[in-house]
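Fold and contact review
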Amino acid sequence: MLSKNIEKALNDQIKIEAESSQIYLAMACWAEVKGLEGVAGFMYDQSNEERDHMLKLIKFVNERGGHAQISELAAPNVTFTSFKEMFEKLFDHEVFVSNSINELVHISLQEKDYATHNFLQWYVSEQIEEEAMARTILDKINLIGDDKGGLYLFDRDIQQISISTASTENPQ
Ligand code: FEO
């Protein structure tokens, strides 16, 4: 059974994951109308992943005797000055999510809720992967600079970056 404190903290995380999904959906749309189809596909996939993160939390809260809350979401930023800025925002957002997961882990230990603590370990691993992937992408963008040919290849190859990073993940 979840304590009220943990239930509230998990519900706050459900909202963060839902907002993450919307943020990446807005990025997908921006990239798509700019003709960056590879980047758009990558962002659509990220958006779906965030929805899965949200659903996993929802199921956990409801199974543990809580009630998952579906809240109103903040509107995401919809325009970017460059695709580099967009990926910097993605990286910053993932760092924010990691901090939020760390705080949740901290609360679960304070409350001696070891079931929730155990459940959250999947998110701890996931955040390591997501931050690493965002960092890899930013490194590549910095290498490309203003080179249009480089951007063309980046757009073509970005799906591969996410697949190869995902393949290093621990099977769950
Ligand atoms: Fe669900 Fe990208 O954090």
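Thresholds applied
Residues numbered from 1 in each chain as written. Predicted model: local features only at pLDDT ≥ 70, side-chain atom pairs only at ≥ 80, totals over all residues. Heavy atoms only, no water. UniProt positions renumbered as here; feature names shortened; annotations may be inferred. Helix = DSSP H or I, 4+ residues; strand = E, 2+ residues; numbered from the N terminus. Expected span 1.5 Å × (residues − 1). Contact = heavy atoms within 4.5 Å. Buried < 20%, exposed > 50% of the residue type's maximum accessible area, 1.4 Å probe, protein only. Polar contact = N/O pair within 3.5 Å; in protein donor to acceptor, adjacent residues only side chain to side chain. Salt bridge = Lys/Arg side-chain N within 4 Å of Asp/Glu carboxyl O.

**Considering the UniProt feature "domain: Ferritin-like diiron" (unreviewed entry) in the protein**
Taking the UniProt record as the reference, the feature "domain: Ferritin-like diiron" (unreviewed entry) is found at residues 1-145. Each end of residues 1-145 is marked by a C-alpha atom, and these two atoms are 52 Å apart; helix forms 80% of the span and strand 0%.

**Observations concerning helix α2 (residues 37-63)**
Since the α-helix advances by 3.6 residues per turn, residues separated by three or four positions end up pointing in the same direction. With 27 residues, α2 extends 39 Å from end C-alpha to end C-alpha; this agrees with the ideal 39 Å at 1.5 Å per step. Backbone geometry just after α2 places G65 at a positive phi near 85°.

**What about the UniProt feature "binding site: Fe cation" (unreviewed entry) in the protein?**
Those residues carrying the UniProt feature "binding site: Fe cation" (unreviewed entry) are E17, E50, H53, E94 and Q127 in this numbering. A maximum C-alpha distance of 12.9 Å among these annotated residues, which run over 111 residues, shows that they cluster at one spot. Here E94 lies in helix α3 (residues 83-110). Residue contacts for E94: discarding those within four places in its chain leaves Y24, E50, Q127, E130 and E131. Within the secondary structure, Q127 sits in helix α4 (residues 114-144). Judged by relative accessible area, which is 4%, Q127 ranks as buried. Discounting chain neighbours no more than four positions away, the residues touching Q127 are E94, V97, S98 and I101. Within the structure, the side chain of Q127 is placed 3.0 Å from the side chain of E94, a separation counted as a polar contact.

**Remarks on the pattern of salt bridges**
Across all of its chains, the model carries 6 salt bridges by this definition. A salt bridge links E85 to K89; the shortest N-O distance between them is 2.5 Å. Here the residue E85 and the residue K89 both occupy positions in helix α3, the gap between them amounting to 4 residues, near one helical turn. For E85, a relative accessible area of 18% corresponds to the buried category. Classification of K89 by relative accessible area gives partly exposed; the value is 36%.

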